[in-house]
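Given next are the chains, with one letter for each unit.
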Amino acid sequence: MNKQDIISIKQLLSTKKKIIIVPHKNPDGDAIGSTLGLYHYLLKGNHQVHVIVPNDYPTFLKWIPGNDSILKHDSQTEVSEQLIDDADIIFTLDFNAFHRTGNMESILVKSSAIKIMIDHHQAPDSYATYMFSDVSMSSTCQMVYHFIDMLDDTSLIDADIATCLYVGIMTDTGSFRFASTTSKTHQIIAQLIEKGANNSEIHNNVYDTNSYERLQLLGCALTNLRVIPESRTAYITYSQEELNKFNYKKGDTEGVVNYALSLEGIVLAAIFIEDKQEGIIKISLRSKGNFSVNEMSRLHFNGGGHNNAAGGKSDLSLKDTVEKFISILPSYNKALNNE
Ligand code: 5GP
Ligand code: MN
């Protein structure tokens, strides 16, 4: 985003606007934190602001300041689409292409509102009037902080904004441990704590509110864990039957793939989750070092993401998806063993 863009956005936001903020489907901590952080900031500019998410999100995010104001497009379609039709500006956060919003794609394509993208995913589409895209960023929440900073408004950051942005930086960096965590990330986190983000309470709300069944479901994943030593790969599967047995709720499988990556010497980790309702296998890929799961996902699993964290899907059965994954591994053995 260049200086001229910032001047234009400042000018744009200098009068009251109807603003919509949209994250990707199945929003995670960074998606909810960044949209609500930006929401609280824009409210201070006296705008009419709504966060509209494509569908529901995990309970461990439902305490974040502003949570109750969020509209869900799948269950509140009519009011959501009316607001989108009327919008002057649509901020699209934490995704790089309209199809990542699922059923919201067509209404977004149709909209003539000014689009402002804030995102850190690779290969962004060029739909936005103003594009703040940076794949080196730890999180969209960190980018929202930079965005507010570029508008010379960090003095407006209060405890609510700070709390929202803290959540997404924390969840997208694996609690400040992934390679995307820089000294700048820590400096921003320090600022957010000074502005009122209660770090230990936030960690507790997100990570220490498990149900007994969620931990039993994790036990099932660890039982299903398989290792392919020659490819330095480990993977986990969940059948729909297993999810049902442990009363699966949205968000229960979040982070489970990281247990596969935590095995010593493992460079590539995957989780395959059967979703009978959507008729797909949802895939999450994680890697260490330079091995790009973004490329692997784009090439074989109709997805994408970042170098070390990507997602995708498969229309094959769970068994056939795993077999496909195993069959493509030998072509990556050299890269995997060079890490
Ligand atoms: P997760 O595995 O946690 O669902 O996603 C990991 C990363 O990949 C996130 O940044 C997420 O936004 C991205 N991602 C997940 N699924 C997809 C997908 O189907 N397509 C693309 N382009 N990115 C995805
Ligand atoms: Mn993100």
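These numbers were taken from a predicted model, which means no experiment stands behind them.

Draft legend 1. A look at the site of ligand 1. Around ligand 1 lies a shell formed by His24, Ser284, Gly303, Gly304, Gly305, His306, Ala309, Ala310, Gly311, Gly312 and Lys313. Of all elements in the fold, only strand S11 (304-305) and strand S12 (309-314) reach the threshold of two or more residues within the shell around ligand 1. With five residues, the top contributor of residues to the shell around ligand 1 is S12. In the shell around ligand 1, the residues fall into two nonpolar, eight polar and one charged.

Draft legend 2. Spotlight on the sheet that holds strand S2 (residues 48-53). Read from one edge of the open sheet, six strands run S3-S2-S1-S4-S5-S6, paired in parallel fashion. With partners counted over all chains shown, the strands left at the sheet margins are strand S3 (71-72) and strand S6 (130-133), one partner each. Pairing of strand S1 (residues 18-22) with strand S4 (residues 89-93) involves four bridges; the strand directions are parallel. Bridge assignment links isoleucine 19 to a residue of S4, and that residue is isoleucine 89. In this fold helix H5 (residues 140-150) packs onto S4, strand S5 (114-119) and S6, with an angle of close to 120° to the strand it touches most, S5.

Draft legend 3. Quick peek at the packing of helix H2 (residues 29-43) against helix H6 (residues 159-172). The interhelical angle for the contact between H2 and H6, taken along N-to-C directions, is 160°, at an axis separation of 8 Å. Here H2 is positioned roughly antiparallel relative to H6, judged by the angle of their axes. In the packing of H2 onto H6, the handedness of the crossing is left-handed. Residues Gly29, Asp30, Gly33, Ser34, Leu36, Gly37, His40 and Tyr41 of H2 form the contact with H6, whose own contacting residues are Asp160, Ile161, Cys164, Leu165, Val167, Gly168, Thr171 and Asp172. Each residue belonging to the contact of H2 with H6 can be placed in one class, and the counts come to six nonpolar, seven polar and three charged.

Draft legend 4. Examining the pairing of S4 more closely. Across the five residues that make up S4, a large majority, five, are buried. Bridge count between S4 and S5: five bridges; the pairing is parallel. The partner of leucine 93 across the bridge, within S5, is isoleucine 118. Following the chain from S4 across helix H4 (residues 105-110) to the adjacent parallel S5, one finds a crossover that is right-handed.

Draft legend 5. Focus on the nonpolar core. Counting 53 residues, the largest nonpolar core has Ile20, Ile21, Phe91, Ile118, Val144, Leu165 and Tyr166 as its most contacted members. Among the elements that make up this core, the one with the highest residue count is H6 (eight residues). In this structure, Ala221, Phe272, Val293 and Met296 belong to the second largest nonpolar core, which totals 30 residues.

Draft legend 6. View of the UniProt feature "domain: DDH" (unreviewed entry) in the protein. With numbering aligned to this structure, UniProt lists the feature "domain: DDH" (unreviewed entry) at residues 18-169. A distance of 27 Å separates the end C-alpha atoms of residues 18-169, which is 35% helix and 18% strand.

Draft legend 7. Just the confidence of the model for the protein, in detail. The predicted model of the protein averages 97 in pLDDT, with 100% of residues at 70 or higher. For this predicted complex, the interface confidence reaches an ipTM of 0.96, while the overall pTM sits at 0.94.

Draft legend 8. Inspection of the domain arrangement of the protein at higher detail. Each assigned domain of the protein is listed with its residue range as follows: domain 1 (3-207) and domain 2 (213-337). Using only C-alpha atoms to locate each centre, domain 1 and domain 2 end up separated by 27 Å. Between domain 1 and domain 2, the residue contacts involve eleven residues of the former and nine residues of the latter. Tallied by class, residues from the side of domain 1 that touches domain 2 come to seven nonpolar, three polar and one charged.

Draft legend 9. Geometry of the UniProt feature "domain: DHHA1" (unreviewed entry) in the protein. Here, the residues flagged by UniProt with the feature "domain: DHHA1" (unreviewed entry) are residues 245-327. From the first C-alpha to the last, residues 245-327 spans 30 Å; its make-up is 29% helix and 29% strand.

Draft legend 10. Region of the structure containing the sheet that holds strand S8 (residues 233-238). If you walk across this open sheet you meet the six strands as S7-S8-S9-S10-S12-S11, and the pairing is mixed. Whereas interior strands pair on both sides, the edge strands pair on one side only; in this sheet they are strand S7 (226-228) and S11. Of the pairings in the sheet, the one linking strand S9 (residues 268-275) to strand S10 (residues 280-287) comprises eight bridges and is antiparallel in character. Each residue of the ladder has a partner; that of alanine 269, found in S10, is arginine 286. Across the sheet, helix H12 (residues 293-300) is in contact with S10, S11 and S12; its angle to S12 comes to roughly 15°. Packing against the sheet, helix H13 (residues 318-328) makes contact with S7, S8, S9, S10 and S12, and its axis sits at approximately 160° to S9.

Draft legend 11. Quick look at the environment of serine 139. Tracing the backbone through its elements, the reader meets serine 139 in the loop between S6 and H5. Residues serine 139 and aspartate 28, 111 residues apart in the sequence, show an inter-C-alpha distance of 11 Å. Those residues within four positions of serine 139 in sequence are excluded, and the remaining contacts are Asp30, His120, Gly168, Ile169, Asp172 and Thr173.

What counts, and at which threshold
Residues numbered from 1 in each chain as written. Chains lettered and ligands numbered in written order. Predicted model: local features only at pLDDT ≥ 70, side-chain atom pairs only at ≥ 80, totals over all residues. Near = placed C-beta within 6 Å. Helix = DSSP H or I, 4+ residues; strand = E, 2+ residues; numbered from the N terminus. Nonpolar A, V, L, I, M, F, W, Y, C, P; charged D, E, K, R; others polar. Pairing = 2+ DSSP bridges. Contact = placed C-beta atoms within 7 Å. Axes fitted to C-alpha atoms, helices over the stretch in contact; angles between N-to-C directions. Parallel < 35°, antiparallel > 145°, perpendicular 65-115°, else oblique. Left-handed = near helix turned anticlockwise from the far one by under 90°. Buried ≥ 20, exposed ≤ 12 C-beta atoms within 10 Å, placed from the backbone. Right-handed = clockwise from strand over helix to strand, strands pointing away. Core = buried A, V, L, I, M, F, W, Y, C linked by C-beta atoms within 7 Å. UniProt positions renumbered as here; feature names shortened; annotations may be inferred. pLDDT = per-residue confidence, 0-100. Domains from an automatic or database assignment.

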